[in-house]
Amino acid sequence: MIAILTDRPNVGKEIARIVGAHRFEKGYMTGNGYAVTWTFGNMLSLAMPKDYGNAKLERKDFPLVPGDFRLMVKHVRTDEGWIPDISAVMQLKTVEKVLAECDTIIAATEASREGEMTFRYLYRYLGCRQPVQRLWLSSLTDEAIRKGMTNLLPIRMFDRMFLASDSRNKADWILGINASYAMCKATGLGNNSLGRVQTPVLAAISRRYRERENHISSDSWPIYISLQKDGILFKMRRTQDLPDKESATMFFQDCKLAHQAQITGISHSVKEILPPDLLDLTQLQKEANIRYGFTASEVYDIAQSLYEKKLISYPRTSCRYLTEDVFDSLPPIMARLLSWELFPAAKGTGGIDISSLSRHVISAEKANVHHAIIITGIRPGNMSEKEMQVYRLVAGRILEAFMAPCRIETTNVEAVCAAQHFKAEQTRIIEAGWHDVFMRSDMIPTSGYSVKELPEVEKGDTLNVCGCNLVHKKQLPVNPFTDAELVEYMEQNGLGTVSSRTNIIRTLVNRKYIRYSGKYIVPTPKGMFTYETIRGKKIADTSLTADWEKQLAGLESGMITGQDFLNRIRTLAKEMTDDIFNTYSTKEE
């Protein structure tokens, strides 16, 4: 009997259908020589300090770094405290029974660092000894599963990937546990849930919120004149806003008395806006948040649902390129997409030529683990409105990436009125190109001088002033983070991975450190209190682990060892806990 282990029930049932394991059992399926079972994500975690005999930590115990990390069943919080997750306990018993009855195991967990860690932890926890092969999938279509089962890989190929994920997990434990326990010990303020990623993210959210609260507004006084020619009325703005009302009023009165303005300059420029790259998860989250107001968590869940419905490829990717073989599969997929008429404007003869697609999206080096998110070519059906909106973003981006650039023309007009300089600017599309897919007006750049329409004017023209306006403007404070801005901030500062960033935001929400206020993410009183406690500390600094991804890549490539990496983390943990205790030394016992 061959066991196949996945980390999601839905995925397990799809694989079982393909391999002929049609008999339902409790927590697994059997048939045709296979037993297919599953976990509910990662059901194991690293043990807590008390499990190492460190129920009460003293100053001398820091930093706490176990010599041999232990595993435990995932716990959940209840009114009585933290207890083992009963569903995880029961399913682990099922998995243990299934694996014990099989001679060979196929690891079919998520094709990622996290998925590799899920399988290896469980294999170790259950004391398995059977030989293992790896099923590596980037799509859940029947064709992809059959191809994967025909080309199973040796598990040893992924040893370094597991080393990277295991080292990251242990390092997160070392920094998070030591920071939380040290802050509790040093301040006496109870348990603080701190972490390498979540604490800098909370600090960024709180810092921006505090900046908004402390904002001191400044005033400005722009002056506008309204001109007319050929029945077209347009506004021009003074090239320099005035900082005080008295000067602004004086110049405003001069313009009112002038009655005429002379055109002093006209310029035209044409710019090409290149098609955007294909989507990774972060970019998909940003697009869905900007276009539809979806949170990062919503997009994460919707993308996973579309993946399990076989409509898109593996979504938790940080790559925006394709491999050669995936690129070669695109023409029939795009032909089917165009036939569905989801994007009528892109179907025209000038839109896209699927017989000669540009190869600029190919990069074997950048797509070495998972390629960009693309559709599978299976026609969508039985989807919610939100699922269709996210699906259209993915499908539309595939079309955009292979279409012609969008060409825009910008016309600048300058004028003088009452010895003051004014300006107006019009930007229009002259060749839509990839812009035809969604036809979004926000893709056209604008400025404070932008107008919708300009008449044909020439240098030296004198036009009548039809109106004059003096506007009082106040400098607005910075807005709190939106989901799009926050995931971008996390990406730019190396905080988390494309797979973990959503869970970091969820954790901060669930632990009531942050909350949503409309489309914005703001700290709660608990979050602000924690921020004030850790402000300026190493645990809140994004630079603390800014080069982690580089080091983890070094682990996967063999450039550094796991022990070297953890030795560096031990040093960081000591610096961090020393920083906390030195700051709050008066509160130490």
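What you are looking at is a predicted structure, and each value in this text was computed from that prediction instead of being measured.

Participant: Explain a positive patch on the surface to me, please; I cannot follow it from the model alone.
Facilitator: Judged by side-chain charge, Arg77, Arg511, Lys512 and Lys526 come together as a positively charged surface patch. As for its position among the elements, arginine 511 is in the loop between helix H14 (501–510) and strand S20 (514–517). Taking relative accessible area as the criterion, arginine 511 reaches 35% and is therefore assigned partly exposed.

Participant: Hey, could you run me through the nonpolar core in this one?
Facilitator: The biggest cluster of nonpolar side chains holds 66 residues, and the ones touching the most others in it are Ile375 and Phe402. The biggest single contributor to this core is helix H12 (residues 385–401), with 8 residues. Those residues in contact with isoleucine 375, other than ones at most four positions away along the chain, are Leu311, Ile312, Ile333, Leu337, Trp340, Tyr391, Val394, Ala395 and Ile398. Counting residues in hydrophobic clusters, the runner-up holds 65 residues, among them Leu122, Phe162, Leu175 and Met576.

Participant: Help me understand the packing of aromatic side chains, please; the structure alone is not making it clear to me.
Facilitator: The description of an aromatic ring pair rests on the distance of the ring centres and on the angle between the ring planes. Applying the stated criterion to the full structure yields 11 aromatic pairs. Ring plane angle 35° and centroid distance 5.6 Å describe the contact between phenylalanine 119 and tyrosine 123, whose orientation is recorded as tilted. Pair noted here: phenylalanine 119 and tyrosine 123 are both in helix H3 (residues 113–125), with a separation of 4 residues, about one helical turn. Taken together, the ring pairs connect Tyr52, Phe69 and Trp173 into an aromatic cluster. Just above the ring of tyrosine 449 sits the side chain of lysine 423; from NZ or CZ to the centre is 5.0 Å.

Participant: Is there a simple way to explain the pattern of salt bridges in this structure?
Facilitator: Between side chains of opposite charge, a pair can form when the charged atoms approach closely. Applying the stated criterion across every chain, the model contains 38 salt bridges. Here arginine 210 and glutamate 532 are joined by a salt bridge, their closest N and O atoms 2.9 Å apart. In this pair, arginine 210 sits in helix H6 (residues 198–213) while glutamate 532 sits in helix H15 (residues 525–534), placing the two residues 322 residues apart along the sequence. What makes glutamate 532 partly exposed here is its relative accessible area of 30%. With a closest N to O distance of 3.0 Å, aspartate 461 and lysine 229 form a salt bridge.

Participant: Which parts of the structure should I look at to understand the environment of proline 66?
Facilitator: Along the chain, the position of proline 66 falls in the loop between strand S5 (44–46) and strand S6 (71–73). Taking the relative accessible area as the measure of exposure, proline 66 reaches 10% and is therefore buried. In this structure, proline 66 is in contact with Tyr52 and Trp173, ignoring residues within four places of it in sequence.

Participant: Would you explain the sheet that holds strand S13 (residues 223–229) in this entry?
Facilitator: Strand pairs in the sheet, formed through backbone hydrogen bonds, run parallel or antiparallel to each other. The 6 strands are arranged S13-S14-S17-S16-S15-S18 in a closed barrel whose pairing can be described as antiparallel. In this sheet, neighbouring strand axes are inclined to one another by 40° on average, regardless of whether the strands run parallel or antiparallel. The pairing of strand S15 (residues 260–273) with strand S16 (residues 406–417) spans 11 bridges and is antiparallel. Within the sheet, the bridge partner assigned to valine 270 lies in S16 and is glutamate 409.

Participant: Is there a simple way to explain unusual backbone geometry in this structure?
Facilitator: The bulk of non-glycine residues show a negative phi, and the bulk of peptide bonds are trans. The omega torsion of the bond from phenylalanine 62 to proline 63 falls at -5°, within 30 degrees of zero and hence cis. The backbone of aspartate 230 shows a phi angle near 55°, a positive value even though the residue is not glycine. With respect to the helices, strands and loops of the structure, aspartate 230 is situated in the loop between S13 and strand S14 (232–238). Residue aspartate 230 is classed as exposed on the basis of its relative accessible area, which comes to 62%.

Participant: How should the pairing of S20 be read in this particular structure?
Facilitator: Successive residues of a regular strand alternate their side chains across the two faces of the sheet. As paired elements, S20 and strand S21 (residues 520–523) share 4 bridges and run antiparallel to each other. The partner of isoleucine 514 across the bridge, within S21, is proline 523. Hairpin geometry of S20 and S21 is characterised by an intervening segment of 2 residues between the two adjacent antiparallel strands and by a positive phi of about 65° at glycine 518.

What counts and what doesn't
Residues numbered from 1 in each chain as written. Predicted model: local features only at pLDDT ≥ 70, side-chain atom pairs only at ≥ 80, totals over all residues. Heavy atoms only, no water. Patch = residues over 30% accessible without salt bridge, like charges linked within 9 Å, V, L, I, M, F, W, Y side chains within 5 Å. Areas by Shrake-Rupley, 256 points an atom, 1.4 Å probe, with all protein chains shown as cover. Salt bridge = Lys/Arg side-chain N within 4 Å of Asp/Glu carboxyl O. Lys, Arg positive; Asp, Glu negative; His and termini not counted. Charge placed at Lys NZ, Arg CZ, Asp CG, Glu CD. Helix = DSSP H or I, 4+ residues; strand = E, 2+ residues; numbered from the N terminus. Buried < 20%, exposed > 50% of the residue type's maximum accessible area, 1.4 Å probe, protein only. Core = buried A, V, L, I, M, F, W, Y, C linked by side-chain atoms within 4.5 Å. Contact = heavy atoms within 4.5 Å. Phe/Tyr/Trp six-rings, centres within 6.5 Å; stacked < 30°, edge-to-face > 60°. Lys NZ or Arg CZ within 6 Å of the ring centre and 35° of its normal. Pairing = 2+ DSSP bridges. Axes fitted to C-alpha atoms, helices over the stretch in contact; angles between N-to-C directions.

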